[in-house]
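A look at the structure
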Amino acid sequence: MSDLFWIKAFDSLLTWVAFGVGGAMLAFMTLFGTWNVLVMRKVMNAPVRGAEDLMILSLVILVAIAIPFGGRCGAHIEIEVMESRMSPGFARWSMFGLRLVGGGLMLLMALELVEAGKKATRFGETTQQLLISYEPFYFLLALCVAVYALILASDAVQLVLRGKISQISLGEAS
Amino acid sequence: MISMTALGVLGLLALFLLLALRFPVALAMILVGVVGTVVATANRFLLLGMSSDQAWSRGLKTAMSNLSGETFEAASNYNLLVIPMFVLMGNLAGVSGMSADLFTAAYRWMGHMRGGLASATIAACAGFAALSGSSLAAAITMGRVALPEMKKFNYADSLATGSVAAGGTLGFLIPPSGGMIIYAVLTEQSIGRLFMAGVIPGLLMTLLFIAAIYLTVLRRPQAGPPGQRASWPERRSATLAALPFVAVVGLTIGGMYTGFFTPVEASSVGAFLTLVVALWRRSLTLSALREVVLQTVKASATVFLIIIGAFIFIPFMSITELPGQLVSLMTSLPIGDYGILLIIILIYMFLGMFLEGIAMLVLTIPVVLPIIAALDFGFDPSMADMKMIWFGIVVVIVLEMGMISPPVGLNVFVVKSIAPGVPMGQIFRGIWPFWFAMAFMLLLLALFPQIAIFLPQTMVG
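None of these values were measured; they are calculated from a predicted model.

**Quick word on the overall build of chain A**
Of the regular secondary structure elements, chain A holds four helices and zero strands. From first element to last, N terminus to C terminus, chain A shows the α and β order α-α-α-α. The C-alpha radius of gyration of chain A comes to 20 Å, more than 25% above the 16 Å expected for a compact globule of 174 residues. By principal-axis analysis of the C-alpha atoms, chain A measures approximately 65 × 40 × 30 Å. Once local pairs closer than 6 in sequence are excluded, the contacts in chain A between residues at least 24 apart make up 75%.

This is the structure:
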């Protein structure tokens, strides 16, 4: 059976976001990190103020977009050794139930991140040098974790409709 | 009310049940960590005489606070920047052709000897390991280059596939290593010192693997017939082509050792230099760039979600005091420090047959680490950090053994995907000489801990 159209559209969007935002963050961390170390710190002896802050915030963005993307391309490790010893029906329905539990858990995490984000500025949760509030980054992480919750729920739907979960294929490279 | 120890044991059982049902490892740790923290914290307050409502409310509050706090803590951990950067470096090295150059250089120097192609594969894997922290990446990248060559020269399938699978495991030991980064974060050790601790054992392991190949072809000469002898100009040109690799590794690893870079800085510079090599060689097409970025994001997802899981699970284990109980139990056994170490290694080997390396690391460290901390293994108390670094290398090698152990040796499956015509049984048969080489390495590390701690002790900064 061909892929469900909404899964295909969602995968396409997720892949473009991962490529665009992930690529931008990786490029920033590589180029800015190197420039700050080699040029500003080692040659000019004047490291960029708040460079570490910017790197940390880039990392948060990268991790945030990586979590849902990883959920669609099989990045999150599962132990498959016992599956061959289960009946296909049990394996399918236990996985269905656990995907829903996982989705619920991630939704709870997203809600808690929103709550923590609301208090971040009040509690002085900022970067160390530039004093940038972590609030929007908590919200971004919450949004991405919520998307991962949706992905887990969509996995459960796929299991019911197709008996298996299709994933984004990145080829065999590294 | 339930005893804390029983709660800890129940938590571990629930965790393994969820894993057996194919629940993602990270989510299983988060679920058990959250539910366990609620119950354990409530239990503790109930024992203090607090009312049931208040105790459960406190438990819930603690668990929810951990859920958001630890997640953000992991995602914003500056030291963890090395993960995406070193993964990016490895992926860029893969597309830049540096891996093929490494193999060609090793091949030109060693290919004419019996088993020389397999030895060249090991040497090239060791080189690639210095650019990539992933054993799977090393096995895939080198397998694609080396397996066709070995087939061409009629190598035994078992030796050819075994050397690729085993050589790939060097990616986990030779810095930068994903496993070491996670161990360092979970045990609060210096990433740079752990990296340095992996250098000498990594080189020794490479030599031991080559010795294993030598012994194999000594017993069965037809398993590894000699290839063509390369001329001196061919050797020189191949060596020159591999020079960018030497420059990148020399600057990143050397920079860390001399204190010129911190590990985070070295990871950025290493990724940058590999990017320059890839651009200079015009190998970074748009499709290659897309592949590199997406693979890096995917690998980051794997590691970060599992670290988030560990950050939420570890406080639960601490509340139950189960690790402390295990320390008392183990240290009361009349078998000495090394007897306990042997038991731990055997447990790791057993778990390695079923669990993926990184998953096993995050699942076991909260329990095993207090036991190691309580033993001295001949280390002076002032060298407690060095003891942890030494144990980190021991653990990484045992995890490597798990990667090539049946029935779920991940590297073996990766090699099987590149060599679909070779039966699994044959690949596993080819693994044994390398598995024993790893066991011998563990013995060397137990007898001479200096192998691991010499470089971290002498590094600058």
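**Quick look at the side chain of A:Ser94**
Residues and elements named next belong to chain A. Looking at the secondary structure, you find Ser-94 in helix α3 (residues 88-120). The exposure class assigned to Ser-94 is buried, which follows from its relative accessible area of 14%. One polar contact links the side chain of Ser-94 to the main-chain carbonyl oxygen of Ala-91, over a distance of 3.1 Å.

**Observations regarding the nonpolar core**
By size, the foremost hydrophobic cluster in this structure holds 231 residues, and its most contacted members are A:Met106, B:Ile30, B:Trp390 and B:Phe391. Among the elements that make up this core, the one with the highest residue count is helix α14 (residues 286-320) of chain B (18 residues). Ignoring any residue separated from it by four or fewer positions in sequence, one finds A:Met106 in contact with A:Val145, A:Tyr148, A:Ala149, A:Leu152, B:Leu27 and B:Ile30.

**Some remarks on the side chain of B:Ser283**
Among the structural elements, B:Ser283 can be located in the loop between α13 (263-280) and α14. When neighbours within four sequence positions are excluded, B:Ser283 is seen to be in contact with B:Val95, B:Ser96, B:Ala278 and B:Ala288.

**Thoughts on the pattern of salt bridges**
Charged atoms that come close allow side chains of opposite charge to pair. Enumeration over the complete set of coordinates arrives at 10 salt bridges over all chains. For A:Glu78, the salt bridge is made with A:Arg99, and the minimal N-O distance between the two is 2.5 Å. Of this pair, A:Glu78 sits in the loop between α2 (51-72) and α3 while A:Arg99 sits in helix α3; the two residues are 21 residues apart in sequence, bridging distant segments of the chain. The partner of A:Lys118 in a salt bridge is A:Glu115, with the nearest N and O atoms 3.4 Å apart. Residue A:Lys118 and its partner A:Glu115 are both found in helix α3; the two are separated by three residues, about one turn of the helix. When its relative accessible area of 49% is taken as the criterion, A:Lys118 is described as partly exposed. For A:Glu115, a relative accessible area of 35% translates into the label partly exposed. Here the salt bridges do not stand alone but share partners, grouping A:Asp11, A:Arg72, A:Glu78, A:Arg99, A:Asp155 and B:Arg22 into one network.

**Re the packing of helix α2 (residues 25-47) of chain B against helix α3 (residues 52-75) of chain B**
Residue and element names in this part refer to chain B. Contact pair α2 / α3: the axes reach a minimum separation of 7 Å and the direction vectors enclose 145 degrees. Crossing hand, α2 versus α3: right-handed. In this structure, α2 uses Ile-30, Val-34, Thr-37, Val-38, Val-39, Thr-41, Ala-42, Phe-45 and Leu-46 to contact α3, whose residues at the interface are Ser-52, Ala-55, Trp-56, Arg-58, Gly-59, Leu-60, Thr-62, Ala-63, Met-64, Asn-66 and Leu-67.

**Overview of the interface of chain B and chain A**
At the interface, 59 residues of chain B touch 64 residues of chain A. Of the roughly 5700 Å² buried between chain B and chain A, counting both surfaces, carbon and sulfur atoms make up 78%. Counting across the interface, chain B meets chain A through two salt bridges. Here A:Arg41 makes a salt bridge to B:Glu265, at a shortest N to O gap of 2.6 Å. Summed over the shared surface of chain B and chain A, the number is nine residue pairs in polar contact (both at pLDDT 80 or more).

**A word on the confidence of the model for chain A**
Per-residue confidence for chain A gives a mean pLDDT of 91; residues scoring 70 or more make up 95%. Per-element averaging of pLDDT across chain A places helix α1 (residues 5-43) of chain A at the bottom with 94 and α2(A) at the top with 97.

**Describing the environment of A:Phe123**
Mapped onto the fold, A:Phe123 is located in the loop between α3 and α4 (135-162). Between the C-alpha atom of A:Phe123 and that of A:Ser133, which follows or precedes it by 10 residues, the distance is 9.9 Å.

**Details of the packing of aromatic side chains**
Ring pairs (aromatic) are described by centroid distance and by the angle formed between their planes. On inspection of all chains with the given rule, the structure shows 18 aromatic pairs over all chains. Ring plane angle 65 degrees and centroid distance 6.0 Å describe the contact between A:Trp16 and A:Phe19, whose orientation is recorded as edge-to-face. Of this pair, A:Trp16 and A:Phe19 both sit in helix α1, separated by three residues, roughly a single helical turn. Between B:Trp432 and B:Phe436, the aromatic rings sit 6.1 Å apart at their centres with planes inclined by 40 degrees, giving tilted as the arrangement. With a gap of four residues between them, B:Trp432 and B:Phe436 both fall in helix α20 (residues 424-447), about one helical turn apart. Using a relative accessible area of 37% as the deciding quantity, one classes B:Trp432 as partly exposed. Residue classification places B:Phe436 among the exposed residues on the basis of a relative accessible area of 52%.

**Some words on the packing of α2(B) against α14(B)**
Residues and elements named next belong to chain B. Across the interface, α2 lies against α14 with an axial gap of 8 Å and an inter-helix angle of 25 degrees. Taken together, α2 and α14 sit at an angle that is classed as roughly parallel. The two elements α2 and α14 meet at a crossing, and its hand is left-handed. For the contact of α2 with α14, the residue count by class is 16 nonpolar, five polar and one charged.

**A few points about a positive patch on the surface**
There is a patch of like positive charges on the surface, built from A:Lys119, A:Arg122, B:Arg58 and B:Lys61. Inspection of the secondary structure assignment puts A:Arg122 in the loop between α3 and α4.

**With respect to the environment of B:Leu355**
Here B:Leu355 is to be found in the loop between α16 (336-352) and α17 (357-374). B:Leu355 sits 49 residues away from B:Ile404 along the chain, and the two C-alpha atoms are 12 Å apart.

**Examining a nonpolar patch on the surface**
Residue and element names in this part refer to chain A. A contiguous nonpolar surface patch, about 630 Å² in accessible area, is contributed by Phe-5, Trp-6, Trp-93, Val-157, Val-160 and Leu-161. Only α1 and α4 provide two or more residues apiece to the nonpolar patch. For the nonpolar patch, the leading source of residues is α4, giving three residues. Inspection of the secondary structure assignment puts Trp-93 in helix α3.

**Section: unusual backbone geometry**
All names here are of chain B. For the bond running from Pro-175 to Pro-176, omega is 0 degrees, close enough to zero to count as cis. With respect to the helices and strands, Pro-176 occurs in the loop between α8 (157-173) and α9 (178-187). In this model, Arg-22 sits at a positive phi of 65 degrees, which is unusual for a non-glycine residue. Note on placement: Arg-22 falls in the loop between α1 (4-20) and α2. Judged by its relative accessible area of 17%, Arg-22 falls in the buried class. Notably, Glu-188 is not glycine yet its phi reads approximately 60 degrees, a positive angle. Topologically, Glu-188 is positioned in the loop between α9 and α10 (191-219).

Criteria and thresholds
Residues numbered from 1 in each chain as written. Chains lettered and ligands numbered in written order. Predicted model: local features only at pLDDT ≥ 70, side-chain atom pairs only at ≥ 80, totals over all residues. Heavy atoms only, no water. Helix = DSSP H or I, 4+ residues; strand = E, 2+ residues; numbered from the N terminus. Rg over C-alpha atoms; globule rule 2.2 N^0.38 Å. Contact = heavy atoms within 4.5 Å. Buried < 20%, exposed > 50% of the residue type's maximum accessible area, 1.4 Å probe, protein only. Polar contact = N/O pair within 3.5 Å; in protein donor to acceptor, adjacent residues only side chain to side chain. Core = buried A, V, L, I, M, F, W, Y, C linked by side-chain atoms within 4.5 Å. Salt bridge = Lys/Arg side-chain N within 4 Å of Asp/Glu carboxyl O. Axes fitted to C-alpha atoms, helices over the stretch in contact; angles between N-to-C directions. Left-handed = near helix turned anticlockwise from the far one by under 90°. Buried area = accessible area lost by both parts, 1.4 Å probe. pLDDT = per-residue confidence, 0-100. Phe/Tyr/Trp six-rings, centres within 6.5 Å; stacked < 30°, edge-to-face > 60°. Parallel < 35°, antiparallel > 145°, perpendicular 65-115°, else oblique. Nonpolar A, V, L, I, M, F, W, Y, C, P; charged D, E, K, R; others polar. Patch = residues over 30% accessible without salt bridge, like charges linked within 9 Å, V, L, I, M, F, W, Y side chains within 5 Å. Areas by Shrake-Rupley, 256 points an atom, 1.4 Å probe, with all protein chains shown as cover. Lys, Arg positive; Asp, Glu negative; His and termini not counted. Charge placed at Lys NZ, Arg CZ, Asp CG, Glu CD.

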